[in-house]
Amino acid sequence: MKLLNYHLDDYYDNGMRDYPLALRIFYYIVIGVLFAFSKVMWRWKVENPEGLLPTGETGSVIICNHTSMAEVVSIVPHIVTTGRRVRPIMKSEFNKNPIVRWFFGRVGGIPIDRGTADMKAIRRAQHALKRGEDILIFPEGTRIRTDDQPVEVHGGFALIAQMAKADIAPMAVCGFRDITPKGTHLMRPVKTWIRVGERVSLSDAPEGLKRSARTKWVEDEAIRRMYEIRDELRHEHPGRR
């Protein structure tokens, strides 16, 4: 890929290690700034970080609950500092803003049309996993700002994992909702927590299940573990969301 001879799709369809050198340097500068900023502002620490590391050449499908955009700003830099590349799955609505589209495309984001069988995005995620890149997905699809907000969990991540023969690493966050309290858009410094749970593999599913049933079992189990971790963190840190 040449820096001045590319299309946006090139960033979605090629490995991040193949990006132009100037762009890779830009990427690491951005990651460094976000890492330092988020560490100082939100004092996060990833518990059980080894749970994010795959055992083979295929990347991991990482799923997490979603309460704030600050989670992306914290989780992605952490993963990159371990020597890996991660591609967040983002809703295609972000691409309506040309600045956001330009930036997200160059830091590895893959857009997906929510509520549809977006096979193009699914294939891009599959190929990224095969290249050894991780995929970060927030199955809730949007930020959950209150506990009474309706939640529609999107299960396409299990299909992506099945197609790439990748494990799923469930994780959860706590405290990030408090960064921007209801009624304000100003971020404030708070303590936050990130914890990684036990990985879910397709081989964990009960024997005898057909392909679709096995995918559903993996999806349900990964979501169960994600919320179990979230509830553990909330119990350990009362009043924090």
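Refer to the preceding data block for the structure.
Just so it is clear, the structure is predicted and the values come from calculations on it, not from any experiment.

### Topic: the overall build of the chain
- Of regular secondary structure, the chain possesses seven helices and seven strands.
- Secondary structure of the chain in N-to-C order comes out as α-α-β-β-α-β-α-β-α-β-α-β-β-α.
- Here the C-alpha atoms of the chain give a radius of gyration of 17 Å, agreeing with the 18 Å that 2.2 N^0.38 yields for 241 residues.
- Each principal axis of the C-alpha distribution contributes one length, and for the chain these read about 50 × 50 × 30 Å.
- Burial status across the chain gives 50% buried among its 241 residues.
- In the chain, once contacts between residues fewer than 6 apart in sequence are set aside, the share between residues at least 24 apart is 73%.
- Surface exposure of the chain reaches about 12100 Å², of which carbon and sulfur atoms provide 57%.
- Positive and negative side-chain charges in the chain, numbering 38 and 29 respectively, have mean positions lying 5 Å apart.

### A few points about helix H5 (residues 119-130)
- Taking 1.5 Å of rise per residue, 12 residues should cover 16 Å, and H5 covers 16 Å from first to last C-alpha, within 8% of that figure.
- Buried residues of H5: Ala 121, Ile 122, Arg 124, Ala 125, Gln 126, Ala 128 and Leu 129, and no others.
- Its buried side turned inward, H5 meets helix H1 (8-13), strand S2 (61-64), strand S3 (86-91), strand S4 (110-112), strand S5 (134-137) and helix H6 (156-164).
- In the stretch just after H5, Gly 132 is the one whose phi turns positive, near 100°.

### Description of a nonpolar patch on the surface
- Together, Leu 21, Ile 25, Ile 29 and Val 33 give the surface a local cluster of nonpolar side chains, amounting to about 400 Å² of exposed area.
- You can see Ile 25 is positioned in helix H2 (residues 21-42).
- Of the residues examined, Ile 25 reaches a relative accessible area of 47% and is grouped as partly exposed.

### Quick notes on the nonpolar core
- One finds Ile 75, Val 76, Met 171 and Ile 194 to be the most contacted residues of the largest nonpolar core, which totals 34 residues.
- Take this core: its biggest share by element is six residues, from helix H3 (residues 70-81).
- Formed by 26 residues, the second largest nonpolar core is a distinct cluster that contains Ile 63, Ile 110, Ile 122 and Val 218.

### Examining the environment of Phe 103
- Position of Phe 103 among the secondary structure elements: in helix H4 (residues 98-106).
- Classification of Phe 103 by relative accessible area gives partly exposed; the value is 27%.
- Through-space distance from the C-alpha of Phe 103 to that of Pro 206 is 42 Å; in sequence the pair is 103 residues apart.
- Sequence-distant contacts of Phe 103, defined by excluding residues within four places in its chain, comprise Phe 26 and Val 30.

### Here we look at the sheet that holds strand S6 (residues 168-174)
- Taken together, seven strands build an open sheet; the order of strands is S1-S7-S6-S2-S5-S3-S4 and the sheet is mixed. Every other strand in the sheet has two partners, leaving strand S1 (46-47) and S4 as the edge strands with one partner each.
- In this sheet, strand S7 (residues 193-196) lies alongside S6 in antiparallel orientation, the contact comprising four bridges. Across the sheet, the residue bridging to Met 171 is Val 196, located in S7.

Rules and cut-offs
- Residues numbered from 1 in each chain as written.
- Predicted model: local features only at pLDDT ≥ 70, side-chain atom pairs only at ≥ 80, totals over all residues.
- Heavy atoms only, no water.
- Helix = DSSP H or I, 4+ residues; strand = E, 2+ residues; numbered from the N terminus.
- Rg over C-alpha atoms; globule rule 2.2 N^0.38 Å.
- Buried < 20%, exposed > 50% of the residue type's maximum accessible area, 1.4 Å probe, protein only.
- Contact = heavy atoms within 4.5 Å.
- Areas by Shrake-Rupley, 256 points an atom, 1.4 Å probe, with all protein chains shown as cover.
- Lys, Arg positive; Asp, Glu negative; His and termini not counted.
- Charge placed at Lys NZ, Arg CZ, Asp CG, Glu CD.
- Expected span 1.5 Å × (residues − 1).
- Patch = residues over 30% accessible without salt bridge, like charges linked within 9 Å, V, L, I, M, F, W, Y side chains within 5 Å.
- Salt bridge = Lys/Arg side-chain N within 4 Å of Asp/Glu carboxyl O.
- Core = buried A, V, L, I, M, F, W, Y, C linked by side-chain atoms within 4.5 Å.
- Pairing = 2+ DSSP bridges.

Structural measurements only, silent on function.
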